[in-house]
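Summary of structural features
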Amino acid sequence: MVVLSLLGATFFQEMAHAAAETVPFGWPWWVMPIALFALTSVLGVVAVLAGIGGSVLFVPIVSGFAPFIHIDFVRGAGLFIAMAGALSAGPGLARQNLVNLRLAIPVSLVASIGSIVGALIGLALPVSAIQIALGAVILLMAAMMTLFHSTEQGSGPPPGKLVEALGIFETYTDRESGREETWFPRRMALGLVLFLGVGVMAGMFGLGAGWANVPVLNLVMGVPLKFAVGTSFFTLAITSPSAALIYFQRGALLPLVVVPSTLGVMLGAKGGAWLLVRANTRVIRRVVIVVLLLAGGRALLRGFGI
Amino acid sequence: MNRANENPSKPKPDDMTLGFARIVELGTRIGLVLVVAGFLVYLSGLLNPLIDPERLPGLIAGGVDEFVRANGVPTGWGLLPMLGYGDMLSLASLLLLVAVIVAAYFSLIPSLLRRRDYIYFVLVILQLAVFLVAGGGWLVSSGH
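Residues numbered from 1 in each chain as written. Chains lettered and ligands numbered in written order. Predicted model: local features only at pLDDT ≥ 70, side-chain atom pairs only at ≥ 80, totals over all residues. Heavy atoms only, no water.

A few points about the overall build of chain A
Our working rule: Going along the chain from the N terminus, every DSSP run of H or I of four or more residues is numbered as a helix, and every run of E of two or more is numbered as a strand. Burial classes follow relative accessibility: with a 1.4 Å probe on protein chains only, a residue under 20% of its type's maximum area counts as buried, one over 50% as exposed, and anything between as partly exposed. Each accessible area is a Shrake-Rupley result for a 1.4 Å probe, and residues are judged covered by the shown protein chains and nothing else.
Scanning chain A for helices and strands turns up 13 helices and 2 strands. The 306 residues of chain A split such that 59% are buried. Of the roughly 11200 Å² that chain A leaves accessible, carbon and sulfur atoms contribute 72%.

Points about unusual backbone geometry
In most cases, non-glycine residues show a negative phi, while peptide bonds are predominantly trans. The backbone of A:N97 sits at a positive phi, close to 65°, despite the residue not being glycine. You will see that B:R116, though not glycine, has its phi angle at about 60°, which is positive. Turning to its location among the elements, B:R116 is positioned in the loop between helix 3 (86–115) and helix 4 (118–136).

A closer look at the pattern of salt bridges
As a reminder of what qualifies: We define a salt bridge as a contact between a side-chain nitrogen of Lys or Arg and a carboxyl oxygen of Asp or Glu at a distance within 4 Å.
Within the structure shown, the criterion is met by 6 salt bridges over all chains. In this structure, A:D72 engages A:R75 in a salt bridge whose closest nitrogen and oxygen atoms are separated by 2.6 Å. Placement of both A:D72 and A:R75 in helix 5 (residues 71–95) is noted, with a separation of 3 residues, approximately one turn of the helix. According to the relative accessible area criterion, A:D72 is buried, its value standing at 0%. One salt bridge connects B:D117 with A:R102, and the closest N-O pair in it is separated by 2.5 Å.

Description of empty space enclosed by the protein
Here is the rule: Cavities and pockets were defined on a 1 Å grid built from protein atoms only: a cavity is a group of points that admits a 1.4 Å probe but offers it no way out, a pocket is an open group of points flanked by protein on both sides within 12 Å along at least five of seven lines, and a lining residue is one with an atom within 4 Å of any such point. Grid points are joined across faces, edges and corners, and a volume is the space filled by probe spheres set on the points.
Under the definition given, this model contains 4 cavities of 30 Å³ or more. Its volume calculated, the largest cavity comes out at about 160 Å³. Looking at the largest cavity, it is lined by 19 residues, and the ones nearest its centre are A:L253, A:L254, B:F67, B:V73 and B:M88. Secondary structure elements with two or more residues in the lining of the largest cavity: helix 12 (255–275) of chain A together with helix 3 of chain B.

Observations concerning the nonpolar core
Applied cut-off: Working definition of a nonpolar core: buried Ala, Val, Leu, Ile, Met, Phe, Trp, Tyr and Cys residues. They are joined through side-chain atoms within 4.5 Å. Residues are treated as being in contact if the distance between any of their heavy atoms lies within 4.5 Å.
By size, the foremost hydrophobic cluster in this structure holds 136 residues, and its most contacted members are A:I69, A:M221 and A:L292. The dominant element in this core, judged by the number of residues it contributes, is helix 3 of chain B, at 14 residues. Apart from residues lying up to four places away in sequence, A:M221 is in contact with A:L103, A:V107, A:F184, A:P185, A:R186, A:R187, A:M188, A:G191, A:F195 and A:V216.

Quick notes on helix 11 (residues 225–250) of chain A
Residue and element names in this part refer to chain A. Threshold: A helix is expected to span 1.5 Å multiplied by its residue count minus one.
In this model, helix 11 (26 residues) spans 37 Å end to end at C-alpha, consistent with the 38 Å of a helix rising 1.5 Å per residue. Burial runs high along helix 11: 23 of the 26 residues are buried. Of the residues flanking the end of helix 11, it is G251, one or two places downstream, whose phi is positive at about 90°.

Focus on the packing of helix 10 (residues 210–220) of chain A against helix 11 of chain A
Residues and elements named next belong to chain A. Stated precisely, the cut-off is as follows: For helices, the fitted axis covers only the stretch in contact; all axes are lines through C-alpha atoms, and the angles between them, taken along N-to-C directions, range from 0 to 180 degrees. Any angle from 65 to 115 degrees is called roughly perpendicular, while one under 35 is roughly parallel, one over 145 is roughly antiparallel, and all others are oblique. Handedness of a helix crossing follows the sense of rotation of the near helix relative to the far helix, less than a right angle counterclockwise being left-handed and clockwise being right-handed. Throughout, the ten residues Ala, Val, Leu, Ile, Met, Phe, Trp, Tyr, Cys and Pro are labelled nonpolar, Asp, Glu, Lys and Arg are labelled charged, and all others, Gly among them, are labelled polar.
Two elements in contact, helix 10 and helix 11, have axes whose closest approach is 9 Å; the angle formed by their N-to-C orientations is 135°. One finds that helix 10 runs oblique with respect to helix 11. Both helix 10 and helix 11 take part in a crossing whose hand is right-handed. Counting all contacts with helix 10, which are made through G210, N213, V214, L217 and N218, the residues of helix 11 involved are L225, A228, V229, T231, S232, T235 and L236. Looking at side-chain class alone, the contact of helix 10 with helix 11 contains 6 nonpolar, 6 polar and no charged residues.

Set out below in structure tokens:
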């Protein structure tokens, strides 16, 4: 998979080099925000259909194929995209009783701390190291999308003392049986450790962490899938600002990049939600996996100076 | 928090979650309007920008440190005295979205104290402290 992604990414080398040479010298300045808006509108649609966040596509694609925008600014924009998307979607999910705030608060605290650490590390490391690490993470993400499937109900060992002390549990109506069921998160301590790592990655690469939050909540902590997705959105809304503030403090937030990108993804997400019941999401998901493979390969090539 | 209901009717989110969600929803709507307004002010040139947008695409291929050094761009809260510039105003409007989640967290405090839920009160205070530390500028590293 790594070899295929590297081979595929080399086909885009000439395009990226040509872009770097002509932009900004040949194009009017307003082409960049319009192009970003158009690109992120498409990414927003695709992200919803594929079940991943807009920033997960934005950061590797823009940093890989638009080298005239340094990855520092791309990562800052990526965090804002993740935050804005989560702020928009979170309240609706909460009203549908798909968010457990008592679970979101401790995991978000840990992930926030991780994201700050990640942002500081990410802004201190050489760009080549960031590109290599980003490439590896993106390829891992593609592998996870290919290999792992979330479980609807969630399962695991009985809740531990930490869960009992925090009083986290949720009652919901099972769609199939019509009965009221109660779930508890499992392996809370392990989950918190994993969320710390997820936060570090989110801050370092400017990615929303939904792609990692949901598997940790669902597969490790045994949270039913719908609650994992809903709670993940709330966690994103809390974690992303923490890292975004670090990028702000460093001067890596540019309105000309952040605003059109954020608005584009949010608009695209609305379109994606409309298309969700009409599109073949399995095909979309496969296309996204290919795009992630290319983007991850491109990041690796850039990291190695190729 | 939702506890197991004795009433078999469909479980509903608790008041604290709903209140948090309402603040996030209202704040996000207002915040996005202000973000768009700030951006339009910037693009229209109603307020002169600190950095001419025509020059910007040529300045951002290098890292953030190079950008800040070469162009005298204020970092962090150094933008506050410069809100008369369109790009700085637009940047400040983006921070309103961050303020939404901070405000939502503050809104949890009275409810938690009423319930005597001191563990979560401490967790919320810690989260607010994390936001303060991140936004305060004390952690900004030296760069590439």
